[in-house]
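# Topology and contacts: notes
Each chain, written out:
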Amino acid sequence: MLILLVVVAPIATVFALGLQVITLISVSWRTFNHGSHDYLGSQVAALVIGLGVPLVLLAIGIVAVRRRRDCRRAAVLTVVAALCIGVVAVCIVVPAVGVIRQATADDRAYQATIRQDELDELDPADPADAHQAAERMEPEIDEALGVLKVKRSSVEVQRDFTAGKTEGGNACTTYTATIAMPDSLDRDATIEVLSDHFDDRDEASRGADHAYTYQGDGDPSLRPANTLSEIEYRSKSNELIVESDCIIPREPGN
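Just so you know, the residues in each chain are numbered from 1, in the order the chain's sequence is written. Two thresholds apply to this predicted model, a pLDDT of at least 70 for residue-level local features and 80 or more for giving and counting side-chain atom pairs, whereas whole-chain, interface and lining totals are computed over all residues. Each side-chain value is derived from all of the structure's non-hydrogen atoms; neither hydrogens nor water enter the calculation.

### Quick look at helix α3 (residues 71-120)
Taking 1.5 Å per residue, 50 residues should reach 74 Å; α3 reaches 69 Å between its end C-alpha atoms and fits that length. Note on bend: at a given residue it equals the angle between the axes fitted to the 7 residues ending there and to the 7 starting there. Here a strand is any run of E in DSSP of at least two residues, a helix any run of H or I of at least four, and the numbering for each starts at the N terminus. Considering bend angle alone, the principal kink of α3 is centred on Ala 89 and spans about 40 degrees. Expected helix span is taken as 1.5 Å per residue step, with the number of steps being one fewer than the number of residues.

Written as structure tokens, this is what we have:
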């Protein structure tokens, strides 16, 4: 058994060295910065395999020597494992320090790039903030209620603004409005009516107002153009829901 373990340590070390080479190539030959996920995984694997396997085998060898079980092979295992740890320390651990530092810088730069890209992609035609999105969706609520022949005065609109952050770390806000529909409303008929209406809007706008009606099967919804929001009828709860994207506030005139 010990003689087999003597072979395992060098194999694990060679494999870890291969991962380290791949890591260093990935760091050096990158064309674009996509953050540390391009190479940090292989670096961690190289460290875990390169250090973990020889350390375990070293412990096994030391225990075997102390218990005087097959001392010669145990001593060989201990020496080989120790040599492998030395190789890993020089060829993997030392370069890994630089790679990890580089990973931190790359992640910071990549995050800054995403943050700026999000700002550059803001469309002046879209709402400047979540409050403006809420204003633009008011006519959509009125229209949906009108199609269903439900009086605005007979329902209550609960509004909520939730702060959050985008993938790039920009501050943003999500607007949500919940309208509880009357219990007397026929839910199947409501699905059919709103599906037809949203499909008509989609067709009339040539897709600018995008409908999700699933051919009448499921909860119909509409994403009107230049609102960054969606209005949806949820039949299970019998509610009309308006929800915006998490909108990055834009300076007036931008």
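### Considerations on the nonpolar core
Nonpolar side chains in soluble globular proteins tend to end up buried together. If you look at the biggest cluster of nonpolar residues, it comprises 24 residues, and the most contacted ones within it are Met 181, Ile 231 and Leu 240. If you list the elements that add at least two residues to this core, you get α4 (130-147), β2 (171-180), α5 (187-204), β5 (229-234) and β6 (239-244). Considering each element in turn, this core owes the most residues, six residues, to α4. Contacts between residues were defined by any pair of non-hydrogen atoms, one from each residue, lying within 4.5 Å. With near-sequence residues (within four places) excluded, Leu 240 lies in contact with Ala 144, Leu 145, Ala 177, Thr 178, Ile 179, Met 181, Leu 194, Ile 231, Glu 232 and Tyr 233. Think of a nonpolar core as a cluster: buried Ala, Val, Leu, Ile, Met, Phe, Trp, Tyr and Cys residues, connected wherever their side-chain atoms sit within 4.5 Å. Summary of the burial criterion: residues with accessible area below 20% of their type's maximum are buried, those above 50% are exposed, and those between are partly exposed, where the area comes from a 1.4 Å probe applied to protein chains only.

### Structural notes on the packing of aromatic side chains
Stacked, tilted and edge-to-face are the three classes assigned to paired rings of Phe, Tyr and Trp, where Trp is represented by its six-membered ring and a pair needs centres within 6.5 Å; plane angles under 30 degrees give stacked, over 60 edge-to-face, the rest tilted. Following the criterion strictly, the structure yields one aromatic pair and no others. Judged by centre distance (5.1 Å) and plane angle (35 degrees), the rings of Phe 161 and Tyr 175 are tilted. With Phe 161 in strand β1 (residues 157-165) and Tyr 175 in strand β2, this pair connects stretches of sequence that are 14 residues apart. Judged by relative accessible area, which is 0%, Tyr 175 ranks as buried.

### Structural notes on the layout of surface pockets
Points on a 1 Å grid, built from protein atoms alone, make a cavity when a 1.4 Å probe fits but cannot get out and make a pocket when they are open with protein on both sides within 12 Å along at least 5 of 7 lines; residues with an atom within 4 Å of a point are the lining residues. Grid points are joined across faces, edges and corners, and a volume is the space filled by probe spheres set on the points. Computed from the structure, the largest pocket encloses a volume of approximately 170 Å³. Classifying every residue of the lining of the largest pocket gives six nonpolar, no polar and six charged. Three classes are used: nonpolar for Ala, Val, Leu, Ile, Met, Phe, Trp, Tyr, Cys and Pro, charged for Asp, Glu, Lys and Arg, and polar for all others, with Gly counted as polar.

### Points about the pairing of β5
For two strands to be treated as a pair, DSSP must find at least two bridges joining them. Pairing geometry for strand β4 (residues 221-223) and β5, over two bridges, is antiparallel. Among the inter-strand pairings, Leu 222 is bridged to a residue of β5, identified as Ile 231. Adjacent in sequence and paired antiparallel, β4 and β5 are bridged by five residues, among which Asn 226 carries a positive phi angle near 60 degrees. Alignment of β5 against β6, held across six bridges, turns out to be antiparallel. Across the sheet, the residue bridging to Ile 231 is Val 242, located in β6. Connecting β5 to the antiparallel partner β6 that follows it, the hairpin turn spans four residues, and Asn 238 within it adopts a positive phi of roughly 55 degrees.

### Things to note about helix α2 (residues 40-66)
In a regular helix each residue adds 1.5 Å, so 27 residues correspond to 39 Å; α2 covers 39 Å between its end C-alpha atoms and thus fits that length. Buried within α2 we find Ser 42, Gln 43, Ala 46, Gly 50, Pro 54, Leu 57, Leu 58, Gly 61 and Ala 64.

### Examining the state of the cysteines
When the sulfur atoms of two cysteines come within 2.5 Å, that pair is taken as a disulfide. For the coordinates displayed, the defined rule picks out one disulfide. A sulfur-sulfur separation of 2.0 Å characterises the disulfide bridge that pairs Cys 172 with Cys 246. Across the S-S bond linking Cys 172 and Cys 246, the dihedral sits near 85 degrees, which makes this disulfide right-handed. Of this pair, Cys 172 sits in strand β2 while Cys 246 sits in the segment after β6, and the two are 74 residues apart along the sequence. We note that Cys 84 lacks a disulfide partner, and the nearest cysteine sulfur, in Cys 91, lies 11 Å from it. A residue is classified by how much of its surface remains accessible, and Cys 84, at 8% relative accessible area, is buried. With relative accessibility at 37%, the residue Cys 91 sits in the partly exposed group.

### Regarding the pattern of salt bridges
A pair is scored as a salt bridge if a Lys or Arg side-chain nitrogen falls within 4 Å of a carboxyl oxygen belonging to Asp or Glu. Tallying each qualifying case throughout the model produces eight salt bridges. Across the salt bridge formed by Arg 201 and Asp 209, the nearest N and O atoms sit 3.1 Å from each other. Accessibility classification places Arg 201 together with Asp 209 in one group, the buried group. Linked by salt bridges that have partners in common, Glu 138, Asp 142, Arg 152 and Arg 159 make up one network.

### Regarding the packing of α2 against α3
Their axes nearest at 8 Å, the elements α2 and α3 cross at an angle of 155 degrees. Between α2 and α3, the crossing angle belongs to the class labelled roughly antiparallel. The two elements α2 and α3 cross, and the hand of that crossing is left-handed. For the contact of α2 with α3, the residue count by class is 26 nonpolar, four polar and no charged. Comment: axis = line fitted to C-alpha atoms, over the contacting stretch for helices; angle = value between 0 and 180 degrees taken between N-to-C directions. Each angle is binned into one of four classes, with values under 35 degrees roughly parallel, values over 145 roughly antiparallel, values of 65 to 115 roughly perpendicular, and all other values oblique. The handedness criterion is simple: a crossing whose near helix is rotated anticlockwise from the far helix by less than a right angle is left-handed, and one whose near helix is rotated clockwise is right-handed.

### Describing the environment of Ala 171
With respect to the secondary-structure elements, Ala 171 resides in strand β2. Overall, Ala 171 belongs to the partly exposed group, its relative accessible area being 47%. Sequence separation between Ala 171 and Glu 230 is 59 residues; the distance between their C-alpha atoms is 21 Å.

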